[in-house]
Amino acid sequence: MNKNEIISVADLVKKSAQKFGGKTFLKELVKGEVSEKTFGEFYTDVRKIYGYIKDKYGGEKQVHTAVIGPSSYGWLVSWFGTVCGGSTAVPLDAQLSCEDICELLVRSDTDIFCYDPRYEKMIPAVKANCPNVKEYISFAELSELLEKNVPTDFPDVPADRLAAIVYTSGTTGKSKGVMLLNSNYIDNAMCQDNESTPDDTVLSVLPIHHIYCFTCDILLSLRYGSTLCFNDSMMHIPQNLKRFAPTIMLIVPMIAETMYKQIKAAAAARPEVPVAMIAQSVFGGRLKTIYSGGAYLRPELQKAYIEMGFNMAQGYGMTECSPRISTADPADKECAGDVGVIVNGCTVKTVDGEILVKSPSVMAGYYKDETETAEALTPDGWLRTGDLGYVDEKNRVFITGRKKNLIILSNGENVSPEELENKFAEYDVVGDVLVYSEDSVITAEFFPAAEAAKNLSEAEIEEKLLEAVDRVNKTVTSAKAIRRVLIRDSEFEKTTSKKIKRRQSVQGRRIR
Amino acid sequence: MLEKIKELICNYVEVNAEDITADSRFIEDLGFNSYDFISMLGDLEGEFGVTVDETEIADVHTVGEAVKYLSSLKERQ
């Protein structure tokens with residue numbers, strides 16, 4: 001696909017149909033059966049949705065269409081039908097409460113709300129709270145809508161047209177509406193080369209509203225002509241791996257951990273079979289490359305996958321950068337703890353330890369939030385990522401923590417809590433740990449690992465935790481040492497993406 | 001059913017099946033991460049020929065609650 005011909009998302013959809021027309025674009029399970037759509041059929045259906053919106057709201061008006069639900073063809077045609085017509089999509093997290101959905105529909109100035117049928121019972125409450133939403137369309141009504149409308153050719157959508165407002169979930173504070181332009185999505189989807197081929201099959205398991213899934217699973221499948229397969233439920237990943245036999249998969253570290261446990265269990269049951277063979281069987285038989293993102297991937301786990309014969313690569317990005325800032329070279333087997341090499345067209349620098357990014361993928365700002373926008377973007381266009389880290393001589397990015405979590409010591413020195421937290425990864429007794437400053441004292445609050453809770457007495461657990469703290473303290477300057485230690489009985493509260501919420505009440509019992 | 005669930009649990013965490021009781025909590029006691037739990041529900045669907053409704057599992061925290069939920073599903077389906 002010629003990069004110079006792709007200015008907008010509409011161009012990408014059109015070119016994909018021209019190049020891969022009769023090939024299967026999407027496979028998904030509908031009522032237990034695999035349903036398929038070609039690139040050509042997708043292009044036709046997206047033009048029908050655009051035609052519907054144009055007829056109803058006028059060609060010139062840019063509407064805001066919110067879309068919610070698990071990954072489905074209905075979700076895709078709603079998003080693309082809006083954006084390819086020059087309007088703006090608002091993809092929402094399928095796990096949001098009714099109250100949060102209403103808040104975001106109001107904040108995003110949504111005109112049309114497209115939803116999976118499972119949200120039907122919420123609709124009366126949404127209607128009562130969102131008087132400005134003009135139209136509600138269930139994905140269940142889409143087939144009728146597609147039958148009644150004829151395809152309408154896309155207008156020329158300018159590169160700087162707002163394509164989507166994507167709300168961040170974040171571990172702290174209120175969600176912000178990231179404004180992504182057509183040029184942002186296109187730059188990020190086109191910045192690398194030779195990532196996949198029309199022979200590849202991608203199993204998409206991550207939430208579709210998430211930018212990492214959207215750009216890397218969906219836009220890259222359109223660009224390269226790969227076949228995209230939707231996982232119908234997180235419960236069914238093993239079954240869908242066998243059903244669709246993917247060659248590429250994007251996951252988060254938690255999924256990598258679970259799959260690894262399953263491989264180990266299967267290998268223990270059949271010690272005569274090589275682990276690599278069992279691993280390949282668990283992953284459907286054809287898997288080559290696994291991309292991990294969204295959270296910290298233990299280098300040991302990455303190495304374990306590589307030893308089983310997979311390309312296991314870790315990338316780094318954020319919604320505000322559409323999302324890729326660095327992407328792993330699957331051929332790099334070093335597992336140096338980096339998050340990949342800076343992508344083409346992106347420039348990274350560090351200021352006071354914080355990573356700043358400049359790239360055509362960087363957002364236009366936060367929707368109707370000039371204060372937050374001014375905090376995130378410098379006047380000369382650098383995005384402050386809020387992440388602390390550095391770039392090595394091979395252009396690899398290393399992340400050491402989050403700036404806003406930094407603990408400023410009385411001597412002016414800074415401590416990154418994540419840097420301390422990651423040091424506990426090697427201790428079996430530790431389940432989760434949160435490091436923070438309380439009354440200017442560096443405090444570590446632990447939730448012990450279940451194995452430890454099962455096999456050790458309370459006193460033994462406390463002893464082992466304190467031993468771990470002592471060892472970690474020996475690796476840092478005395479000013480950065482953990483002086484207060486708490487132990488808790490219940491799990492930490494986590495975000496929908498399973499990251500520990502940093503601002504939560506202290507529940508631990510003090511043991512030092 | 002309890003015995004089969006215990007067997008499946010051992011595919012996710014290194015515990016002795018005999019140490020698992022109806023009161024064992026998946027996350028706090030057995031060391032499941034949230035995806036382990038979801039994935040095991042998929043195994044249970046296949047094992048018992050039921051369809052788990054993801055909106056109904058928020059109240060399932062212990063092995064005993066899982067047995068109870070699966071039994072109710074079998075009756076309903």
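Here the residue numbers are simple positions, counted from 1 along each chain's written sequence. Whichever chain is written first is A, and whichever ligand is written first is 1; the rest continue in order. Whole-chain, interface and lining totals are the exception, using all residues; otherwise, since this is a predicted model, local features are given only for residues with pLDDT of at least 70 and side-chain atom pairs are given and counted only at 80 or more.

What follows is about the overall build of chain B. Helix and strand counts for chain B stand at three helices and zero strands. Here the C-alpha atoms of chain B give a radius of gyration of 11 Å, agreeing with the 11 Å that 2.2 N^0.38 yields for 77 residues. Principal axes of the C-alpha set define a box for chain B whose edges measure 30 × 20 × 20 Å. Residues are called buried when their C-beta atom has 20 or more other C-beta atoms within 10 Å, exposed when it has 12 or fewer, and partly exposed otherwise; all C-beta atoms are positioned from the backbone. Burial status across chain B gives 32% buried among its 77 residues. For the purpose of contact definition, each residue receives a C-beta atom placed from its backbone, and two residues are in contact when these atoms lie within 7 Å. Pairs at least 24 apart in sequence give 55% of the contacts found in chain B among residues at least 6 apart. For helices the rule is a DSSP run of H or I covering at least 4 residues; for strands it is a run of E covering at least 2, with both sets numbered from the N terminus onward. We compute the radius of gyration over the C-alpha atoms and compare it with the globule rule, which gives 2.2 Å times the number of residues raised to the power 0.38.

If you look at the interface, chain B gives 22 residues, while chain A gives 22 residues. Under this grouping Gly is polar, as are all residues other than the nonpolar Ala, Val, Leu, Ile, Met, Phe, Trp, Tyr, Cys and Pro and the charged Asp, Glu, Lys and Arg. Residues that form the side of chain B that touches chain A fall into these classes: nine nonpolar, six polar and seven charged.

In this section: the domain arrangement of chain A. Often, the extent of an interface is quoted as the loss of accessible area upon association of its parts. Residue and element names in this part refer to chain A. What fixes the domain bounds is an automatic or database domain assignment. Domain boundaries in chain A define domain 1 (3–14 + 33–157), domain 2 (211–403) and domain 3 (406–510). Here the C-alpha centre of domain 3 lies 26 Å away from the C-alpha centre of domain 2. At the interface, ten residues of domain 2 touch ten residues of domain 3. If one sorts the elements of the side of domain 2 that touches domain 3 by residue count, strand E21 (residues 397–402) sits on top with three residues.

Okay, the environment of His210 of chain A next. Within the secondary structure, His210 of chain A sits in the loop between strand E9 (201–204) and helix H8 (211–224). Distance from His210 of chain A to Asp93 of chain A, taken between C-alpha atoms, is 7.7 Å for residues 117 residues apart in sequence.

A score between 0 and 100, pLDDT records how confident the predictor is in each residue. With 100% of its residues at a pLDDT of 70 or more, chain B has an overall mean of 86. Taking the mean pLDDT of every element in chain B, the minimum, 86, falls on helix H2 (residues 34–48) of chain B and the maximum, 90, on helix H3 (residues 63–76) of chain B.

All names here are of chain A. Expected helix span is computed as 1.5 Å times (number of residues minus one). In a regular helix each residue adds 1.5 Å, so 14 residues correspond to 20 Å; H8 covers 18 Å between its end C-alpha atoms and thus fits that length. Taken across its 14 residues, H8 has 14 buried, putting it largely inside the fold. Backbone geometry just after H8 places Gly225 at a positive phi near 75°.

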